[in-house]
Structures are given as structure tokens and as C-alpha cells.
Amino acid sequence: MAESSTHPNGIVRHRPARWPRRARMLVVSVPYLWLLVFFAVPFLIVLKISLSEPQFAQPPYAPLIEWGDDLALDIRLNLANYALLAEDRLYLVAYLNSIKIAFFSTLICLAIGYPMAYAIARANPAWRTGLLMLIILPFWTSFLIRVYAWIGILRDNGVINNLLISFGIIDQPLQMLQTDFAVYLGITYSYLPFMILPLFATLQRLDDSLLEAAADLGCPPWRTFLTVTLPLSVPGIVAGSLLVFIPAVGEFVIPALLGGPDTVMIGRVLWDEFFTNRDWPVASAVALVMALLLVLPIMLIQWLYSREQAREA
Amino acid sequence: MRRGGIGFSGIMLAIGLLFLYVPIVLLILFSFNESRLVTVWGGWSLRWYEALFSDQQMLRAAWLSIRIAAITATIAVVLGTMAGVALVRFGNFRGRFLFTGMIATPLVMPEVIIGLSMLLMFVAMDQAIGWPAGRGMLTIIIAHATFCAAYVTVVVQSRLGALDRSLEEAATDLGARPLKVFFVITLPIIAPALIAGWLLAFTLSLDDLVVASFVTGPGATTLPMLVFSSVRLGVSPQVNALGSIIVALVSIGIILATALMHRRERLRQRDEHLARAG
């Protein structure tokens with residue numbers, strides 16, 4: 001019995017003893033090794049292949065490390081793939097465009113999701129479970145098919161155009177599919193639940209007495225919202241925004257199905273580089289730069305957050 | 001939070017829910033459409049469901065996807081439960097920092113990066129040790145189980161963290177050894193979280209297009225891959241029927257799960273009441 005605790009009523013209860021050493025080792029090491037081999041090591045392999053030369057072979061890249069003729073270790077680092085990313089404007093445009101689309105989609109999700117989460121948090125508890133279920137339910141249905149559903153709505157002879165034409169508002173169908181608009185719509189639609197859930201979690205924990213105190217002191221509701229509710233919900237805003245922004249930057253399905261030929265996003269570029277051009281080294285370089293672009297802001301936010309907490313303490 | 005009238009946020013909630021559900025309702029509606037033109041109404045019909053169920057290629061892909069999802073979910077629950085227990089119960093073990101990083105990263109990493117890195121790893125392993133020979137169902141399962149395990153870990157971790165430990169303490173006082181306490185007391189209590197994690201992993205695997213496309217080999221075409229290629233060629237009304245079936249199954253599943261949870265909760269409250277009274 002390693003630990004014991006005294007309950008408020010004075011009864012001494014014992015924490016279960018630590019697990020046997022071997023059992024602990026087993027429980028930690030199985031998932032640890034699995035993730036190490038199948039998740040962490042692959043990133044090192046991506047790094048390795050991004051530094052190798054493409055060649056027509058199976059697999060289509062040249063070995064990085066070879067035993068040379070004179071039995072000397074021959075290491076060829078090839079930075080040409082990264083140079084290509086810097087030189088060819090396609091990649092720069094694709095990265096910037098992805099960040100732009102993801103950023104504005106995140107803002108739209110926040111603008112729609114915040115009032116929705118707020119309304120659910122304020123709703124009658126009897127209704128709350130049902131409302132939350134309605135938010136979560138689309139997430140359990142197929143993502144691909146929900147994106148596909150928008151094709152039928154946005155097409156030239158789709159639901160919206162048919163309605164507008166039959167009401168005589170327009171004569172010619174509006175081109176909505178294969179535009180940036182459709183991509184924004186698709187991302188907002190698909191990722192909205194990821195914004196609402198963390199926002200709801202923080203808004204629900206909000207202490208009523210703070211709002212009542214503000215009201216008692218004569219603070220108008222809009223000011224209470226701006227000075228109390230909004231600052232206290234920042235953790236939810238940050239969490240929800242990251243959950244939308246990061247996957248949206250690398251999104252492939254939505255730009256591929258709803259976007260036009262000039263909607264270049266980096267996930268789609270990587271896909272084409274790999275499946276169409278069969279250039280594995282360049283695809284690897286694209287992936288690594290994308291991963292770095294996403295990891296750096298997260299680390300920055302975590303650093304700011306921990307500094308903030310340290311200052312408060 | 002304070003409860004009040006409907007107001008601006010209530011209206012936004014209604015509009016937002018409409019936004020989430022109108023496409024799904026339209027999808028279901030048009031799956032019963034007689035007309036081949038997906039968005040022109042031609043009368044009620046079940047022809048697309050008939051077409052779907054006589055499409056051998058679609059059925060084969062669906063069966064493959066279901067098998068992959070079931071095996072993936074099972075592996076992910078085992079790995080995720082172990083990882084969750086390690087993170088909540090084992091304190092600061094060596095390498096914990098890297099471990100939490102490896103759990104958190106798959107949750108946000110874009111799928112194209114996960115897919116590409118897994119494929120390159122499978123190719124490198126095949127070259128180095130001859131396993132896994134070739135790619136197909138096995139490589140999809142390994143790739144899916146890896147990122148699904150991260151999701152299960154989060155579910156198990158939050159359940160274990162919120163667990164009231166008094167039952168475990170009571171069992172310890174009565175002389176149960178730690179492992180017995182875990183299997184007889186803890187595991188049954190967190191069982192709902194394990195079921196939720198299994199269902200989550202099953203759905204994620206069943207729905208995945210990108211990672212599977214990277215790591216698959218000849219002959220292993222999953223349902224999302226088939227749907228994606230047929231949608232790219234043009235809108236096909238069969239996909240409406242397939243989508244409607246998925247929505248129906250998911251809704252029934254979620255409603256059943258919620259009803260069961262309510263029932264369990266009621267029974268538990270009744271038992272507690274009886275225990276207090278007796």
C-alpha cells in the first residue's frame with residue numbers, strides 16, 4: 001500500500017498500490033513503441049527522402065547513403081527539392097493560399113460557432129444534450145459524403161441555381177462550384193463542430209456569479225460580454241481555432257471536390273506531386289515544410305500561454 | 001450560465017443548425033429521386049438503392065472498409081487504453097514528454113502528411129526487413145490504428161482522469177491486488193469510454209480517404225476511395241443512396257447509445273437510492 005489518504009470523515013483509505021514493475025513496463029512500452037515505429041520514425045524517413053534525388057525506379061528515389069566503390073561511406077545530400085520549393089512560385093502561392101483560406105475559414109467558423117456555442121451553454125439543461133447531439137451527429141456521418149452533398153447544391157443545375165432561376169431572380173446559372181467560395185463554404189461546413197465543442201466547454205464552465213455581479217453593478221449586457229464573457233472564453237477560442245485552422249491548411253478533399261483549377265492549396269499540390277507526378281522527394285519536401293509551418297505557430301501559442309500563466313502565478 | 005430569452009445567439013443557433021442539416025436533408029431527399037439528373041425532381045423511387053445494392057464493386061469495397069474499420073478500432077482501443085492508463089496513472093515516467101507529443105500530433109496533423117509519411121515508412125521497412133511485403137489491407141489497418149489510437153487515448157484519458165477512486169480504494173482495502181483492482185473495478189467503470197472510443201475509431205477508419213489512398217496497394221480499394229473516384233467523374237445518384245444509409249445508421253446508433261446511457265444512469269440512481277435506504 002504505497003499511498004493512503006484521509007477522508008474528510010476521518011477514515012483512512014488506501015490508494016491501490018503501484019502496479020508491478022513488469023506490468024507498468026508492458027503498458028507503457030506497447031503503445032510507445034507502436035507510435036515510435038509507425039508515427040515518429042516515418043517523419044525522419046520523410047526528411048531523408050526529401051533530401052534524395054528522384055529517379056525512375058521502384059521506389060522512385062535514389063538512396064541517400066551508399067557504400068561507394070572504395071568502401072567509403074558515400075552520403076549525398078540533395079537540397080535541390082527545397083530549392084525548387086523556393087524557386088517555383090507554384091509552391092509559394094499554394095502555401096500562402098492555403099494559409100489565407102484556412103485563416104478566413106477559421107474566422108467564419110468562429111463568427112458562426114461562438115453564438116451557437118453560447119446559445120447551447122445558455123439553453124435549458126433538458127435541451128442541452130439534444131442540441132449537443134445535433135452538433136456532433138454530422139461529425140459521425142461520412143465527411144466525404146457531406147462534402148459531396150454540396151456539389152448537388154452548388155452546381156450550375158444544382159438546388160440553389162434552380163431555385164433562383166425558377167423565382168426569376170437570375171437568367172443564367174451562377175458559377176458557384178469550382179470557386180474559392182465553394183471551398184470556404186465546404187471548410188466552414190465541415191469544421192464548424194470542431195469550433196463549437198471547445199467553445200461550449202469553456203462557456204459552460206463560466207461562473208454565473210461574475211455575470212450577476214456585473215449586472216448588479218449596472219454594467220450593460222454588451223459590456224459584460226466584452227469585458228467578462230469574451231476574455232474568459234479565450235482558451236476555447238484558441239482551442240477551437242487551432243482545431244479548424246491546422247487541418248484546414250492541409251485539406252485535400254474539399255479543394256479537390258469543390259474548388260476550381262486555380263484553387264491551389266498545398267494539400268492538393270502534395271497529392272498531385274505524389275500521385276500524378278510520382279515525385280516522392282518533392283512531395284516529402286512539401287510535407288516537411290507544411291509540418292514546420294503548422295508546428296511553429298502552435299509552439300508559439302503554447303509558449304505565450306505558459307508565459308501568461310507564469311505571470312499570473 | 002444564465003438562462004434567458006432566445007435573443008441573437010438563439011437565432012444564430014437555429015440558422016447554424018439549418019446550415020448543418022439542409023445539405024444532409026437534401027441528400028436524403030434526392031436519394032429517392034426517380035430522375036437521373038440528381039437535382040431535378042422526377043418523382044419518388046428506390047431505383048438508386050437497387051442500383052447500389054446490385055453494384056458488386058461498391059459492395060466489395062464496403063465490406064473491405066467495414067473489416068478494416070473493425071480490426072482498426074479493436075487495435076486502437078487496446079493501444080489507446082494502455083496509453084491512457086500510462087498517462088493518467090503512471091506519473092512522470094521516462095519519455096513521457098515525447099509520448100504526449102506523439103499522442104497529440106496525429107489529432108491535428110493534416111492527413112496528407114500522415115499518409116505520405118506512413119507510406120514512405122512502409123516502403124523503407126519492406127526494403128530493409130521484407131515486412132510488410134507489399135501494401136494493401138494490412139498497411140491500411142496499421143496506418144488507421146496509429147492515428148485512431150491517439151483519439152481513443154484522449155477519450156480514455158479524460159474518463160480515467162474524472163474517475164472517483166473510492167471504489168478502487170475500497171477494493172484495495174478488501175485486499176485486492178493492483179492488477180485485480182484494475183480488471184475487476186476500473187475497467188468495467190470506464191467501459192462506456194472504451195465503447196465510445198471503439199465507435200469513434202471505427203467511424204474515423206470507415207471515413208478515411210486520404211491516408212488509405214497513400215498506403216494502399218493494388219487490389220485494396222476502400223469505400224471512400226471508390227466514392228471519391230466516382231464523384232470526381234460526375235455526380236452519381238447511387239452516392240446519395242449510400243450517404244442516406246450512412247446517415248440513417250449513424251442516427252439510429254447515436255439515439256440508441258444516448259437512450260442506453262440514460263437508462264444506465266437511471267438504474268444507477270435507483271441502486272444508489274436503494275443502497276442508501278437499505
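Just above, that's the structure.
Residues numbered from 1 in each chain as written. Chains lettered and ligands numbered in written order. Predicted model: local features only at pLDDT ≥ 70, side-chain atom pairs only at ≥ 80, totals over all residues. Heavy atoms only, no water.

Novice: Please give an account of the packing of helix α5 (residues 143–154) of chain A against helix α1 (residues 7–31) of chain B that cites residues and values.
Specialist: The interhelical angle for the contact between α5 of chain A and α1 of chain B, taken along N-to-C directions, is 75°, at an axis separation of 9 Å. Classified by the interaxial angle, the pair formed by α5 of chain A and α1 of chain B is roughly perpendicular. Facing I145, R146, Y148, A149, W150 and I153 of chain A of α5 of chain A, the residues of α1 of chain B in contact are F19, P23, I24, L26 and L27 of chain B. (Axes fitted to C-alpha atoms, helices over the stretch in contact; angles between N-to-C directions. Helix = DSSP H or I, 4+ residues; strand = E, 2+ residues; numbered from the N terminus. Parallel < 35°, antiparallel > 145°, perpendicular 65-115°, else oblique. Contact = heavy atoms within 4.5 Å.)

Novice: Which residues make up the side chain of T146 of chain B, and what are the values?
Specialist: Relative to the assigned elements, T146 of chain B resides in helix α6 (residues 137–161). What T146 of chain B contacts, discounting residues up to four positions off in sequence, is W34, L35, F38 and F39 of chain A together with M118 of chain B.

Novice: Account for the side chain of T153 of chain B, with residues named and values stated.
Specialist: Residues and elements named next belong to chain B. Relative to the helices and strands, T153 is located in helix α6. One polar contact links the side chain of T153 to the main-chain carbonyl oxygen of A149, over a distance of 2.6 Å. With residues up to four places along the chain from it excluded, the contact list for T153 reads G80, A83, G84, L87 and I103. (Polar contact = N/O pair within 3.5 Å; in protein donor to acceptor, adjacent residues only side chain to side chain.)

Novice: Would you mind going over the nonpolar core in detail, with residue names and values included?
Specialist: By size, the foremost hydrophobic cluster in this structure holds 172 residues, and its most contacted members are F252 of chain A together with F99 and F214 of chain B. Those residues in contact with F214 of chain B, other than ones at most four positions away along the chain, are L270, W271, F274 and F275 of chain A together with V112, G115, L116 and L119 of chain B. (Core = buried A, V, L, I, M, F, W, Y, C linked by side-chain atoms within 4.5 Å. Buried < 20%, exposed > 50% of the residue type's maximum accessible area, 1.4 Å probe, protein only.)

Novice: Any details on the interface of chain B and chain A? Residues and values, ideally.
Specialist: The interface of chain B with chain A comprises 98 residues on the first partner and 101 residues on the second. Broken down by element, the side of chain B that touches chain A gets its largest block of residues, 15 residues, from α1 of chain B. Residues belonging to the side of chain B that touches chain A are distributed by class as follows: 69 nonpolar, 20 polar and 9 charged. (Nonpolar A, V, L, I, M, F, W, Y, C, P; charged D, E, K, R; others polar.)

Novice: Before we move on, could you go through the packing of aromatic side chains and cite the residues and values that matter?
Specialist: Considering all chains together, one arrives at 29 aromatic pairs over all chains under this definition. Here the aromatic rings of F38 of chain A and F122 of chain B are separated by 6.4 Å at their centres, their planes lie at 45°, and the arrangement is tilted. Taken together, the residues span two chains, with F38 of chain A in helix α1 (residues 21–50) and F122 of chain B in helix α5 (residues 111–129). F122 of chain B matches F38 of chain A in its accessibility class, with the two residues each being buried. On the numbers, 5.2 Å between centres and 15° between planes, the contact of W198 of chain B with F202 of chain B is stacked. With W198 of chain B and F202 of chain B both in helix α8 (residues 178–207) and 4 residues apart, this pair spans about one turn of that helix. Through a chain of ring-to-ring contacts, the aromatic side chains of F252, W271, F274, F275 and W280 of chain A together with F214 and F228 of chain B assemble into a single cluster. Just above the ring of F90 of chain B sits the side chain of R24 of chain A; from NZ or CZ to the centre is 4.7 Å. (Phe/Tyr/Trp six-rings, centres within 6.5 Å; stacked < 30°, edge-to-face > 60°. Lys NZ or Arg CZ within 6 Å of the ring centre and 35° of its normal.)

Novice: Describe in detail the packing of helix α4 (residues 125–140) of chain A against α1 of chain B, supporting the description with residues and values.
Specialist: Think of two packed helices as two axes; the pair is described by the angle between the axes and how far apart they sit. Two numbers describe how α4 of chain A lies on α1 of chain B: the axes approach to 11 Å, and their chain directions differ by 40°. Where α4 of chain A crosses over α1 of chain B, the two elements pack in a sense that is left-handed. Facing α4 of chain A, whose interface residues are L131, L134, I135, L137 and P138 of chain A, α1 of chain B presents L13, L17, L20, Y21 and I24 of chain B. Grouping the amino acids of the contact of α4 of chain A with α1 of chain B by side-chain chemistry returns 10 nonpolar, no polar and no charged. (Left-handed = near helix turned anticlockwise from the far one by under 90°.)

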